[in-house]
Amino acid sequence: MTDALSTNASTFRQRLQSGGTLIGTFLKTPSPIVTEVLALTDLDCLCIDAEHAPFDRLAIDGSIAMARAAAMPMLVRVPTASPEHILNALDCGATGVVAPHIRSAAEAQAFARACHYGAGGRGYAGSSRAALYTTRAMADHLAGSAAQTVAIAQIEDPEAVEDIDAIAAVPGIDALFVGRVDLTVAYGAASQDDPRVVAAVERICEAGRRHNRRVGMFLARPQDVPLWEEKGASLFLLGSDHSFMLQGAAQLLAQSRP
């Protein structure tokens, strides 16, 4: 990683840990061109949604390469919190990983371990993009990865909410990300504003404050950001490339067909 890219990745982790508000969006289209366009914006980060969109390893690689070329921090929401998915995202040069369905402290520990080098952790390869294709010394890469890599545990199951204090206390977890839609479905609720869902989100925010872990979330209504900032959230992944296209088309029609 060049000095500029290294500084950018380290700065993103520092900004996340400081609790300052960060606004990003999801990438649903496996195209490096879409990534290139969004990397021209002033968003704080992008997040590849490899859990719910058709990103294979090559598509993840191409999108991360384009983000790195523009020094745009790139997270990857992996399909599962398996070591091979985490390894692939980080070897491609992702700034960090969002792991879905972290349900317990044990799963959080396994996830954090897979994000970092060390005994039982992430496998080492000096030939990856993250290690600058063998041109970065091992000691430099190990130190840089430790300083830059962001591990975000997605909380979207009732059992995770029940175990949230233990999950939030796990060393190596940088942030908790609320999966509000999944929580809505899991609680059998008809709306994300159901009191049970709102109470669960508030409980996650409270655990984040108690254990000095940042809290992130997707919000269907961007105007709700100030409300959740007051409750302790600071990372907001809002909308997606798909929603931007749909909204843009709707706006175009509204303006041209008054």
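The structure this text deals with has already been given above.
What counts and how
Residues numbered from 1 in each chain as written. Predicted model: local features only at pLDDT ≥ 70, side-chain atom pairs only at ≥ 80, totals over all residues. Heavy atoms only, no water. Helix = DSSP H or I, 4+ residues; strand = E, 2+ residues; numbered from the N terminus. Buried < 20%, exposed > 50% of the residue type's maximum accessible area, 1.4 Å probe, protein only. Polar contact = N/O pair within 3.5 Å; in protein donor to acceptor, adjacent residues only side chain to side chain. Contact = heavy atoms within 4.5 Å. Salt bridge = Lys/Arg side-chain N within 4 Å of Asp/Glu carboxyl O. Core = buried A, V, L, I, M, F, W, Y, C linked by side-chain atoms within 4.5 Å. Disulfide = S-S within 2.5 Å. Pairing = 2+ DSSP bridges. Axes fitted to C-alpha atoms, helices over the stretch in contact; angles between N-to-C directions. Phe/Tyr/Trp six-rings, centres within 6.5 Å; stacked < 30°, edge-to-face > 60°. Lys NZ or Arg CZ within 6 Å of the ring centre and 35° of its normal. Right-handed = clockwise from strand over helix to strand, strands pointing away. Patch = residues over 30% accessible without salt bridge, like charges linked within 9 Å, V, L, I, M, F, W, Y side chains within 5 Å. Areas by Shrake-Rupley, 256 points an atom, 1.4 Å probe, with all protein chains shown as cover.

(A) A look at the side chain of Asp-49. With respect to the helices and strands, the residue Asp-49 is situated in strand E2 (residues 45–49). The class of Asp-49 is buried, set by a relative accessible area of 0%. Among the polar contacts listed, one links the side chain of Asp-49 to the backbone nitrogen of His-52, at a separation of 3.2 Å. Contacts of Asp-49, omitting those with residues within four sequence positions, involve Phe-26, Leu-27, Lys-28, Phe-55 and Arg-77.

(B) Representation of the pattern of salt bridges. Counting across every chain of the model gives 16 salt bridges. In this structure, the salt-bridge partner of Asp-91 is Arg-122, at a minimum N-O distance of 3.1 Å. Separated by 31 residues along the polypeptide, Asp-91 in helix H4 (residues 83–91) and Arg-122 in the loop between helix H5 (105–115) and helix H6 (138–148) bring together distant segments of the chain. On the basis of relative accessibility, which here comes to 6%, the residue Arg-122 falls in the buried class.

(C) Broad picture of the nonpolar core. With 58 residues, the main nonpolar core has Ile-48, Val-76, Phe-111 and Met-217 as its most contacted residues. The next biggest cluster of nonpolar side chains, apart from the first, holds 14 residues, and it includes Phe-12, Cys-47, Val-98 and Leu-235.

(D) Examining the state of the cysteines more closely. Scanning the entire structure with this criterion turns up zero disulfides. A disulfide-free cysteine, Cys-205 has its sulfur positioned 17 Å from the sulfur of Cys-45, the nearest such atom. The exposure class assigned to Cys-205 is buried, which follows from its relative accessible area of 1%.

(E) View of the sheet that holds strand E8 (residues 233–240). The eight strands are arranged E1-E2-E3-E4-E5-E6-E7-E8 in a closed barrel whose pairing can be described as parallel. Within the sheet, the average angular offset between the axes of one strand and its neighbour, ignoring direction, is 25 degrees. Sheet analysis places strand E5 (residues 150–155) next to strand E6 (residues 175–178), joined by four bridges and oriented parallel. Each residue of the ladder has a partner; that of Ala-153, found in E6, is Leu-176. Across the face of the sheet, helix H12 (residues 241–256) comes into contact with strand E1 (22–27) and E8 while running at roughly 55 degrees to E8.

(F) Structural context of the packing of aromatic side chains. Counting across every chain of the model gives two aromatic pairs. Taking 6.4 Å as the distance between ring centres and 90 degrees as the angle between the ring planes, the aromatic pair formed by Phe-26 and Phe-177 counts as edge-to-face. Within this pair, whereas Phe-26 is found in strand E1, its partner Phe-177 is found in strand E6, the two being separated by 151 residues in sequence. With a relative accessible area of 5%, Phe-26 lands in the buried category. Judged by centre distance (5.3 Å) and plane angle (55 degrees), the ring pair of Tyr-117 and Tyr-124 falls under tilted. Its end group placed over the ring of Phe-26, Lys-28 keeps NZ or CZ at 5.5 Å from the ring centre.

(G) Main features of the pairing of strand E4 (residues 96–99). Residues Gly-96 and Val-98 line one face of E4 and the alternating positions Val-97 and Ala-99 line the opposite face, and both faces are buried. With three bridges joining them, strand E3 (residues 74–77) and E4 adopt parallel strand pairing. Each residue of the ladder has a partner; that of Leu-75, found in E4, is Gly-96. Of the crossover connections in this fold, the one passing from E3 over H4 to the parallel E4 is right-handed.

(H) Region of interest: a nonpolar patch on the surface. Taken together, the side chains of Tyr-124, Met-138 and Leu-142 define a hydrophobic patch exposed on the protein surface, amounting to about 260 Å² of accessible area. Examined against the element boundaries, Tyr-124 turns out to sit in the loop between H5 and H6.

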